[in-house]
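Chain by chain, the residues run as shown.
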Amino acid sequence: MKKTQFDPEKNYIETREKIGYVPRTEATQETYDKIGFMSGLEVHQQLLTEKKLFCHCKAGVFHKNEEFDAEIVRHMRPTLSELGEYDGTALMEFKTKKEIVYRINNENACTYEVDDTPPFIINKEALNKALQITMLSKFNLVGEVHITRKQYLDGSIPTGFQRTAILGVEGEIQLRNKKVRLIQLSIEEDSCREISDIGHRRIYKTDRLGMPLIETVTYPDMVNPDEVKEACDYIRFLNRSSNNVRIGMGATRQDVNVSCKGGTRIEIKGVAHTKWIPELTHNECFRQWALLAIQKELKNRFASENEMQNWKTNYAELNFDEFKITTEAIKQAKENNHKLIAVNIPKFKGILSHFTQPGKCFADEISDRLKVIACIEKPNMIHNELPNQPITPVDMEIIQLIMQTDEENDSLIIFWAPEADVKTALETIEERCKMAFFEGVPKETRKSFENGTTIFERVLPGADRMYPDTDSTPIPLDNNELEELRKNIPEDVCERINQFQKWQFPEDTFTYLLSKNLFSIIKQTIDLDFNPKFIAKLFGHFLKNYEGKNQNIKIDYNKIIELLKFIKNNHLECEIAFKMLPKIFTNIDNNFENILSEIKFKKYSQEEILSKIDSLSYDFDKVAKERNTKNKIAWIMEELRDTAIGNINLTELKNNIANRI
């Protein structure tokens, strides 16, 4: 009987369909209810302060990767928690044997940053600003601020831990259709910025290290991807409304927690843009759903629990010269005197090519961990379920004979690595495969990409990484000081949205206006007795479009208010602002009279403008190919536009034209 040829591409498509994956654009609430979509957020926002949180270095002073005065090398090792246990993340990072290099610039670092001195007293400016946002988020304030240590062994903080303190618990935010509960808000020091992570060497720069930031944590109350984005935007807008936070690239980062029915909490780390959130959460939930399907399939392949417990891989070293494997990575590995290792994975036939994410399969789960834990740069492996197989059929048969592979039931992985990393790589492959049938969905932190996919970053931290900071004393909060801070709290975001709706602003302007924290500016312009529809068009559409096309120009909103006052005082029609604003943003001379001359504005009375309608109507009849009222009004409007702008309301002009022709 002829053996059936295994088709990896067909298997990928069939397993994707089997788990019920659909693109996000086709998903409904019913889709997410079926797989049990659940998500929460951890939103990090840098505070706008002069100095860092636990020292006197300037905050917000950044430098390029190559601008540094010294390098410090560290090797991290885990410490026991208060309960005498090690955190799983710390153990994983220790296993990587990373050499951590810090690039220090004297302008924004001191001995505290490199863990040579204990912390100074917490930055009072930062604490007060964080407390105001805590109140704004409707949290219950703590009575005392207790600083704790949160262990990080990835090297992002030279001390190996981050100092953090809870300021409030049990708050809430009001979304369009529901309330989302908030667990807590903390103040903490920011981490280093990573420059590179290659092999066993990771390089950071310390300019961002120690800058004060807040972390707002929600309950997993969001039940679809769009709700997650809405909640994240709301928290960002809320923070910005306080005027206490930094804005710009990197000032806000969010970690998104996702799980499905039967899955576990997976943390998608450092999502840079909220617009990525819907695709990321959609794909992560289905990735877990796929992993649970893999778990079920694998368990069905074992005859007993005992057989599952005794499952293990086997491996053998291969000789580079005996096989015609044509990948460039293997050629490079041979030149570097690396080892070539084949690993047989019993009962895994069809699993390596099983769908997990768009464009990714279970083999990527293994490859990701080889990169992170064994420090083997990608590409780091091939396997016998690749669509475009780099191994010839003859060579594959030889390797399977060597490994005693059951071709109908087993899978085969071939990887290459320095000899020192082979043991870790073998442990990593076997461990991840065991997780597939014992855990289903391993608890882990994942790194996000713009296309909506993720890769393994590290094991998800647990409670064992938290312990008190013995260098800091508790800070009691004074009620009188808190009441003073409370006086300067702005309106809630939902109140601002309600006001936009009362002004009849188009909903497509809300996000831009809130992200730029323009509510108070707009309120001032409304108070000048301008039509709200004009203000919405000016700020929500014109400025948004102008800023998008001229990203190097900084918009001075106070100058816009001065311009609107000038327009009002000189009895000009408001549309003139659209012609004047670009000149104001680009001209050194901001004299409004000069700008009117530059755009060749001339003052005309309404009677002078309207008197031209009859002659223009006559001219249209002579030149028009298609004579109808709509075309005539549009043509006359265009002829009079430059003269009319600033002198007569364009809607009023259009009505006059319609009445006269």
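In what follows, the accompanying structure is described. Since this is a predicted model, take the numbers as computed values, not measurements. (Residues numbered from 1 in each chain as written. Predicted model: local features only at pLDDT ≥ 70, side-chain atom pairs only at ≥ 80, totals over all residues. Heavy atoms only, no water.)

1. Focus: a nonpolar patch on the surface
Taken together, Val394, Ile398 and Ile402 make up a surface patch of nonpolar side chains, about 250 Å² in accessible area. Following the sequence through the fold, valine 394 ends up in helix 10 (residues 393-403). In this structure valine 394 comes out as exposed when scored by relative accessible area, which is 56%. (Patch = residues over 30% accessible without salt bridge, like charges linked within 9 Å, V, L, I, M, F, W, Y side chains within 5 Å. Areas by Shrake-Rupley, 256 points an atom, 1.4 Å probe, with all protein chains shown as cover. Salt bridge = Lys/Arg side-chain N within 4 Å of Asp/Glu carboxyl O. Helix = DSSP H or I, 4+ residues; strand = E, 2+ residues; numbered from the N terminus. Buried < 20%, exposed > 50% of the residue type's maximum accessible area, 1.4 Å probe, protein only.)

2. So, the layout of surface pockets
Considering only enclosed or pocket space, the second largest pocket measures out at about 1,600 Å³ in volume. Residue lining of the second largest pocket: 38 residues in total, with Arg240, Ile247, Gly248, Ser515 and Lys516 positioned closest to the centre. Elements with a minimum of two residues in the lining of the second largest pocket: helix 5 (225-241), helix 14 (510-515), helix 15 (519-527), helix 16 (532-549) and helix 17 (557-569). A per-element tally of the lining of the second largest pocket places helix 5 first, with five residues. Per-class residue counts for the lining of the second largest pocket are 12 nonpolar, 15 polar and 11 charged. Summarising the domain contributions, the lining of the second largest pocket has at least three residues from each of domain 2 (36-265) and domain 3 (493-660). (1 Å grid on protein atoms, 1.4 Å probe; cavity = no way out; pocket = protein on both sides within 12 Å on 5 of 7 lines; lining within 4 Å. Points joined across faces, edges and corners; volume = space filled by probe spheres on them. Nonpolar A, V, L, I, M, F, W, Y, C, P; charged D, E, K, R; others polar. Domains from an automatic or database assignment.)

3. As for the state of the cysteines
In the structure shown here, the tally under the stated rule is zero disulfides. Of all cysteine sulfurs in the structure, the one in cysteine 57 sits closest to cysteine 110, which takes part in no disulfide; the separation is 3.6 Å. Classification of cysteine 110 as partly exposed rests on a relative accessible area of 25%. (Disulfide = S-S within 2.5 Å.)

4. Here's the deal with the sheet that holds strand 2 (residues 70-74)
The sheet built from four strands is open, its strands ordered 2-3-10-9 with mixed pairing. Across the chains shown, the open sheet's two edge strands, defined by having one partner strand only, are strand 2 and strand 9 (193-198). Each adjacent strand pair in this sheet contributes to an overall mean axis angle of 20°, direction not counted. Of the strand pairs in this sheet, strand 3 (residues 99-104) and strand 10 (residues 201-205) are connected by five bridges, and their pairing is parallel. When the bridges of strand 10 are listed, arginine 103 appears paired with lysine 205. (Pairing = 2+ DSSP bridges. Axes fitted to C-alpha atoms, helices over the stretch in contact; angles between N-to-C directions.)

5. Looking at the environment of isoleucine 325
Along the polypeptide, isoleucine 325 turns up in the loop between strand 14 (314-318) and helix 8 (328-335). Separated by 106 residues in sequence, isoleucine 325 and tyrosine 219 have C-alpha atoms that sit 50 Å apart. Apart from the residues lying within four places of it in its own chain, the contact partners of isoleucine 325 are Ile330, Ile382, Pro390, Ile391 and Asp395. (Contact = heavy atoms within 4.5 Å.)

6. Structural notes on the pattern of salt bridges
In the structure shown here, the tally under the stated rule is 55 salt bridges. The closest approach of N and O atoms between glutamate 14 and lysine 10, which form a salt bridge, is 3.9 Å. Taken together, the positions of glutamate 14 and lysine 10, both in helix 1 (residues 8-18) and four residues apart, correspond to about one turn of that helix. Residues lysine 269 and glutamate 267 are paired through a salt bridge, measuring 3.9 Å at the closest nitrogen-oxygen approach. Three or more residues joined by partner-sharing salt bridges are found here, namely Glu284, Arg287, Glu365, Arg369, Arg432, Glu444 and Arg446.

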